[in-house]
Amino acid sequence: MTKDVLRFEHVVKQFEGTTAVKDLNLTIGDGELFVLVGASGSGKTTTLKMINRLIEPTDGNIYFNDKRLIDTNLRDLRWNIGYVLQQIALFPNMTVAQNIALIPQMKHWSKEQIRETVDEMLTAVDLEPKQYRDRMPAELSGGEQQRVGICRALATKPPMVLMDEPFSALDPISRTSLQDMVLRLHKKMKTTIVFVTHDMNEAMRLGDRIAVMREGVLQQVATPEEIAANPASNFVSDFFASAAPEVLDTPLIELRRFADRSTEAGEAQEGDPLRAILTPLGEGKSVTVACQQGNFKVNATQVMAFLADVAKD
Amino acid sequence: MQALWETFLDQRGTLLTKLVEHLQLSLIALLLALLIAIPLGIWAQNHDRFAGFLLQVTGILQTIPSLALLGLLIPIVGIGTAPSIIALVVYALLPIFQNTYTGLHEIDPAYKEAEEAFGMSKPQRLVKVELPLAMPVILGGVRTAAVLIIGTATLAALVGGGGLGDIIMRGINLNDPTLTLLGALASALLAILFSWFISMFSKWRWQVSVAVLGALVLGFGGYATYQAVAPKPETIVVAGKLGSEPEILINMYKDLIEQADANVNVELKPNFGQTSFLYSALKSDKIDIYPEFTGTVVSSLLKPSKKQAAQIAEGQDPYPIAESLLNKQDLSLGKPMAYNNTYAVVVKKAWAEQNGITKISDLTKLSTPLKAGFDVEFNAREDGYKGIQSKYGVSFTVNTLDSSMRYQALNRGQVQVTDGYSTDSQIRQYHLLALEDDRKLFPVYQGAPLMRTQFAKDHPKLTAALNQLGGKISEADMQEMNYEVNVQGKSASAVAKTYLTKHGLLKEAR
Ligand SMILES: Nc1ncnc2c1ncn2[C@@H]1O[C@H](COP(=O)(O)OP(=O)(O)O)[C@@H](O)[C@H]1O
Ligand SMILES: [Mg+2]
């Protein structure tokens, strides 16, 4: 492994009443895509925010390039660490380009350089610059907004980027394509990424290494393969098991391309699992699913076609 | 509607000046309020306890009745625009502060987290993100404040602050509802326009809004500075109390002064306010001349000695006493006019003739007590109804009425006697009779121009010109002139000119 960029030494964070992070020891290597995974409330966000000092630890030290965080200039630190929020939080009063140009502008880049960067970044996240540059955030879909959010964090090519459940609010299809995009960008830019998620699937898909957290305590830090082969505890193995894709948990929206369009009111939601509609399908009825991209109606034959497709790969 | 249109055409010059005054007053107040409340609202973000405290204070300030606030301010800052602007600013603080505070406070914390994570400085966060995001809410507060200010600014007229309130007050005092309506409509229209204008602000980009606001400030600021700095011919400010009579008189003063000295410019401030305002405005140099009554000087402005008070009570002419008292204050009173504008006991002329009554003492001849409608104050005064009872031995069945109602009550026969003033136009209008005060109960109120002694010395030509009115204008003349203005709707300046010309005081071809 290459040299470490980030090191947690006996880091503790207490809030009134709770200890969010307990004696955390962790190193993150240069250029790694490091995933922090755990259930809600396990201390992931707290850990992440201690890296860019949105939260200060109660005890212990964090080193960035072997320098203690509290000894670094706060502004420089934050300009060197990109940040992507779950809430996306593109500034709604600024255009896409203005949002991306935010940090370059504070760094007094030339207009020329800023314009080039904006276009380059937009292209990198598969948004046509000409078409998207001057749009307002409200005119974009959730997936497009988060692409811009990633552009904003990466615009100055910082050595490290933090992402806090960036895709958990998106629909499954956008989520998959954004995951692909993150993998691609990471390969290309070699930025160190610390990625927080509660979804073990996502962690397995993205992580070079994965850290599993539970109630503020680190359970295991390993590659996805090691975790699959040697879970450190029952908890980890259970959590890992939850990642094995269960076909009956497939959200109904995945069936859309096999189904017929419908204008009827939905009996089930696009996010419901396939198992929820087994009974009516078994009775030979078809089911209408409410979907943002247009309702659709699915019957048993079409479900079989979907299953055949899944079995193929 | 027709009447309103005619009044509008007739008054459009005044309306425009008053409108500009009103707008100036409102804009200055709004700007000051913005300059105070917005920084406070920003600052309060990180001072929650102080924010709560400020919200309470501004809330309390807002509950002070506007009239009371003006009254409280007068002893501190005097009269004119200063107390008006201060009062308006006080009212505008709450909505602007509140909306700035909540607008900023309610920004989604995710944006604040993002700003912080991107290493934005405090000013950058405020200017680039938070103020623009809070702008619609802030502008909502500014809008509320503007509408409040424009409405309340009509009260500035009460303290000599000018504005559309002058027109409204004049309408009330001249008993001309269309004039009042005109002023009120103009003020309402201004408020609507302003509110619309501000709502446009939220549609423009905020830089544009700031530019527009800046241009407005510079425009008005520049205009005001120009007015203050530009050289002018000497301007003499002549003010008058509320009502048609002072307005007619000051128009006469203007004509006479301008005839006597072509190099001065007379600025009239009709309906400038109540006696005490005018008096303090005169002493503090805000105005130069106003018509005052001898009776008022000795009864409410200055305190005569015991001996003098006794002389006045015996019915002696108060003019010499008033003059000597005023001289001690470095003020001079010009020659008094003929008419005595004092309390009067008023009855219907036809009824008086039927019963052979011309003087108050004649009322003793009637056997059944008459029904009287008196103003509350008159009813309680020693030189009012109480004096009538003691000096004349006459009693009535009294209903107290608001002074604006009494002539109508008399005219409709609801009462047979009422109090009034000897020069009221209604005496002429409703064919009434002011009974002679044969036992000299009522004090003598003779009008004369009041000015600072220094001013009189500096302007001998003008004092001489004004003294031409000494001994002129009878009660009947004044009743007639008031009638022409109040009832027939003639302008005070035309009525004044006609009188002066007819009596040879003004050369015709001017
Ligand atoms: N600002 C805070 N004040 C008090 N408790 C907090 C605060 N932030 C987080 N916590 C608590 O710390 C624990 C870990 O929270 P968090 O790091 O947000 O978890 P995760 O991101 O894994 O869902 C939770 O119990 C949470 O309630
Ligand atoms: Mg979290």
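Scroll up for the structure.
The text that follows walks through the structure, step by step, so that each part is easy to find. Bear in mind that the values here come from a model prediction, so they are computed numbers and not experimental data. (Residues numbered from 1 in each chain as written. Chains lettered and ligands numbered in written order. Predicted model: local features only at pLDDT ≥ 70, side-chain atom pairs only at ≥ 80, totals over all residues. Heavy atoms only, no water.)

On to the interface of chain B and chain A. Taken residue by residue, the interface counts 16 residues in chain B and 21 residues in chain A. Where chain B abuts chain A, roughly 1,700 Å² becomes buried across the two surfaces, and 65% of that area is made up of carbon and sulfur atoms. A per-residue breakdown of the area chain B buries against chain A is headed by Glu-113, Phe-118 and Lys-128 of chain B, which together make up 38% of the total. There are two salt bridges connecting chain B and chain A. As a salt-bridge pair, Glu-116 of chain B and Arg-78 of chain A come within 3.9 Å of each other at their nearest N and O atoms. (Contact = heavy atoms within 4.5 Å. Buried area = accessible area lost by both parts, 1.4 Å probe. Salt bridge = Lys/Arg side-chain N within 4 Å of Asp/Glu carboxyl O.)

What follows concerns the site of ligand 1. Residue and element names in this part refer to chain A. For ligand 1, the full set of nearby residues is Phe-15, Ala-20, Ala-39, Ser-40, Gly-41, Ser-42, Gly-43, Lys-44, Thr-45 and Thr-46. Interatomic distance of 2.9 Å between a side-chain N/O atom of Lys-44 and an oxygen atom of ligand 1. The side chain of Thr-45 places a nitrogen or oxygen atom 2.6 Å from an oxygen atom of ligand 1. The protein chains hide 59% of the 560 Å² of surface that ligand 1 would expose on its own. No other element matches the three residues that helix 1 (residues 44-51) contributes to the shell around ligand 1. In terms of residue class, the shell around ligand 1 is built from three nonpolar, six polar and one charged. (Near = heavy atom within 4 Å. Polar contact = N/O pair within 3.5 Å; in protein donor to acceptor, adjacent residues only side chain to side chain. Areas by Shrake-Rupley, 256 points an atom, 1.4 Å probe, with all protein chains shown as cover. Helix = DSSP H or I, 4+ residues; strand = E, 2+ residues; numbered from the N terminus. Nonpolar A, V, L, I, M, F, W, Y, C, P; charged D, E, K, R; others polar.)

Residue and element names in this part refer to chain A. For Asp-66, which is not glycine, the phi dihedral falls at a positive 65 degrees. Relative to the assigned elements, Asp-66 resides in the loop between strand 4 (59-64) and strand 5 (67-68). A residue is classified by how much of its surface remains accessible, and Asp-66, at 59% relative accessible area, is exposed. The phi torsion at Lys-157 lies on the positive side, around 50 degrees, for a residue other than glycine. (Buried < 20%, exposed > 50% of the residue type's maximum accessible area, 1.4 Å probe, protein only.)

In this section: the pairing of strand 10 (residues 447-452) of chain B. Residues and elements named next belong to chain B. Judged by how many residues are buried, strand 10 sits mostly within the fold: six of six residues are covered. Here five bridges tie strand 3 (residues 289-293) to strand 10, and the two strands are oriented antiparallel to one another. Pairing of Glu-292 across the sheet is with Ala-448, part of strand 10. Relative to strand 10, strand 4 (residues 331-333) runs antiparallel, the two sharing three bridges. Counterpart to Leu-331 in the pairing with strand 10 is Arg-452. (Pairing = 2+ DSSP bridges.)

All names here are of chain A. One open sheet holds the four strands; their spatial order is 11-14-13-12, and the pairing between them is mixed. Where the open sheet ends on each side, the last strands, each with one partner, are strand 11 (260-261) and strand 12 (268-269). Two elements, strand 13 (residues 287-290) and strand 14 (residues 296-298), share three bridges in a ladder whose sense is antiparallel. Across the sheet, Val-289 pairs through a bridge with Phe-296, a residue of strand 14.

This brings us to the sheet that holds strand 6 (residues 81-84) of chain A. All names here are of chain A. Overall, mixed pairing links the six strands, which are arranged 6-7-8-3-9-10 in an open sheet. Lying at the two open borders of the sheet, with one neighbouring strand each, are strand 6 and strand 10 (217-222). The mean inter-strand angle of the sheet, taken between neighbouring strand axes irrespective of direction, is 15 degrees. As paired elements, strand 7 (residues 160-164) and strand 8 (residues 192-197) share five bridges and run parallel to each other. Bridge pairing links Met-163 to Phe-195 in strand 8. Against the sheet, helix 1 contacts strand 3 (33-38), strand 6, strand 7, strand 8 and strand 9 (209-214), and its axis sits at roughly 155 degrees relative to strand 7. Sheet contacts for helix 11 (residues 234-241): strand 3, strand 9 and strand 10; angle to strand 9, the most-contacted strand, approximately 115 degrees. (Axes fitted to C-alpha atoms, helices over the stretch in contact; angles between N-to-C directions.)

So, about the nonpolar core. Generally speaking, soluble globular proteins have nonpolar side chains that are buried together. Counting 79 residues, the largest nonpolar core has Leu-6, Ile-51, Phe-91 and Met-160 of chain A together with Ile-96 and Phe-118 of chain B as its most contacted members. Of all the elements, helix 6 (residues 122-152) of chain B adds the most residues to this core, at ten residues. If sequence neighbours within four positions are ignored, Leu-6 of chain A has contacts with Leu-26, Thr-27, Ile-28, Ile-51, Ile-62, Tyr-63, Phe-64 and Met-160 of chain A. Core analysis: the next-biggest nonpolar cluster, separate from the first, contains 44 residues, Ile-100, Ala-124, Leu-127 and Leu-140 of chain A among them. (Core = buried A, V, L, I, M, F, W, Y, C linked by side-chain atoms within 4.5 Å.)

So, to be careful, I would describe these as geometric facts and stop short of saying anything about function.
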